[in-house]
Amino acid sequence: MKLEGAKAAAQIKNDLSEQCKKLNQKNSDSKIVIFRLGNNPDDISYEQRILKNCREIGLGTKVVSLAESITQDDFIKEITHYDKQDSVLGILIFRPLPKHLDERIIGEAISAERDIDCMNPLNLKKLLLGDLTRIAPCTPEAVMELLKFYDIPLKSKHVVIVNRSMVLGKPLALLLLEEDATVTICHSKTEDLIRMTSQADIVITGIGKPKFFGKEYFKSDSTVIDVGINFTQEGMCGDVDFESVNEYVSAITPVPGGVGTVTSMVLLKHALRGKE
Ligand code: NAP
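Remember, predicted model here, so these are calculated numbers, not experimental data.

Structural notes on the overall build of the protein chain
The secondary structure content of the protein chain amounts to ten helices and ten strands. A compact globule built from 276 residues would reach a C-alpha radius of gyration of about 19 Å, and the protein chain, at 19 Å, matches this within 12%. Intrachain contacts of the protein chain at a sequence separation of at least 6 include 69% that bridge at least 24 residues. Across the protein chain, the mean location of the 35 positive side-chain charges is 2 Å away from that of the 39 negative side-chain charges.

Shown next as structure tokens:
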């Protein structure tokens, strides 16, 4: 089965359009603010998707494009300027940030209510504590939305995540544990990765290496969620060699058209939470 993100995203989009209509009646200037540093093609493609979704649901946007070399103090000033405005529902900063910027300090510059990608430490703490008002970073939450939309059971299932970053692997592990899955996190120092992934009921990949995972990494009844986004001469592809794995496993997300499609919608869901 091909797990298509567009179908899961369409369901979320319907709900958000209704919510946005009501919101615009009160404040037609409502918007989200996106900060992009430099011109990374991953960020630009994500940004385009977010802008399209905002247009479709009727939510305003403001893109603040800054030089990658911006100092931490100047960046914080820019964030604070928008964070004070009532019309700003949410703030998104594309990650990873350039090495000279401290993600924790930048995350604190966004107030917890306007933080839509779980960068503020308060939101991370809520996630860790399992607080019901928590949000999670958008990509892991998109993975969960997709699994839920396709009724993939999680309780007592063994899920292997190949990624340990703060934007994917670690928060995703917490979300999966909330659903009673058994979770293993792998990374670049994991020994015998094939042995790990080929035992899993669900494998979630996010290593940023085009077509790295062939069918030898999976068992035939597994579900494969490919979060990787890679740009090659042939175009965009995931971490999984979709052509060879598709026929072999039980369910798989395509790239493009999988998790990424849902991620940008989850972001808007966070921006509109509790605001009607
Ligand atoms: P990252 O911080 O570079 O993390 C990559 C992870 O993969 C690290 O944990 C790394 O291990 C691990 N890894 C790298 N090579 C490996 C190997 N050969 N074997 C096992 N593990 C390996 O990247 P990220 O920001 O989390 O993003 C990961 C991918 O997801 C990228 O392709 C990115 O474009 C994509 N992404 C997609 C979406 C979406 O909506 N679909 C959103 C965000 C990101 P170490 O920790 O040991 O280095």
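Don't stop here, the text continues.
Thoughts on the sheet that holds strand S6 (residues 202-205)
Read from one edge to the other, the open sheet built from five strands follows the order S5-S4-S6-S7-S10, with strand pairing classed as parallel. What marks the edges here is a single partner per strand, and that holds for strand S5 (182-186) and strand S10 (251-252). Those strands touched by helix H7 (residues 169-178) are strand S4 (158-162), S5 and S6, and its axis lies near 170 degrees from that of S5.

Structural notes on the domain arrangement of the protein chain
Often the size quoted for an interface is simply the accessible area lost on bringing the parts together. Assigned domains of the protein chain: these are domain 1 (27-117) and domain 2 (138-259). On a C-alpha basis, the centres of domain 1 and domain 2 stand 27 Å from each other. On the domain 2 side, the residues contacting the eight residues of domain 1 number four residues. A combined buried area of about 500 Å² lies between domain 1 and domain 2, and 54% of that area is made up of carbon and sulfur atoms. Its largest share of buried area at the contact with domain 2, domain 1 owes to Asp42, Arg95 and Asp117, together 50% of the area lost on that side. Put simply, domain 1 and domain 2 have zero salt bridges between them. At the boundary of domain 1 with domain 2, the tally comes to one residue pair in polar contact (both at pLDDT 80 or more). Considered class by class, the residues forming the side of domain 1 that touches domain 2 number three nonpolar, one polar and four charged.

What about the sheet that holds strand S3 (residues 88-93)?
Sheet architecture is open: three strands sit in the order S2-S1-S3, paired in parallel fashion. Each edge of the sheet is formed by a strand with only one pairing partner; in this case those strands are strand S2 (60-66) and S3. Strand-to-strand, the axes of this sheet are offset by a mean angle of 20 degrees, without reference to chain direction. Sheet topology note: the strand S1 (residues 31-37)/S3 ladder contains five bridges and is parallel. Its bridge partner being in S3, Ile32 is matched across the sheet by Gly90.

Basis of the calculations
Residues numbered from 1 in each chain as written. Predicted model: local features only at pLDDT ≥ 70, side-chain atom pairs only at ≥ 80, totals over all residues. Heavy atoms only, no water. Helix = DSSP H or I, 4+ residues; strand = E, 2+ residues; numbered from the N terminus. Rg over C-alpha atoms; globule rule 2.2 N^0.38 Å. Contact = heavy atoms within 4.5 Å. Lys, Arg positive; Asp, Glu negative; His and termini not counted. Charge placed at Lys NZ, Arg CZ, Asp CG, Glu CD. Pairing = 2+ DSSP bridges. Axes fitted to C-alpha atoms, helices over the stretch in contact; angles between N-to-C directions. Domains from an automatic or database assignment. Buried area = accessible area lost by both parts, 1.4 Å probe. Salt bridge = Lys/Arg side-chain N within 4 Å of Asp/Glu carboxyl O. Polar contact = N/O pair within 3.5 Å; in protein donor to acceptor, adjacent residues only side chain to side chain. Nonpolar A, V, L, I, M, F, W, Y, C, P; charged D, E, K, R; others polar.

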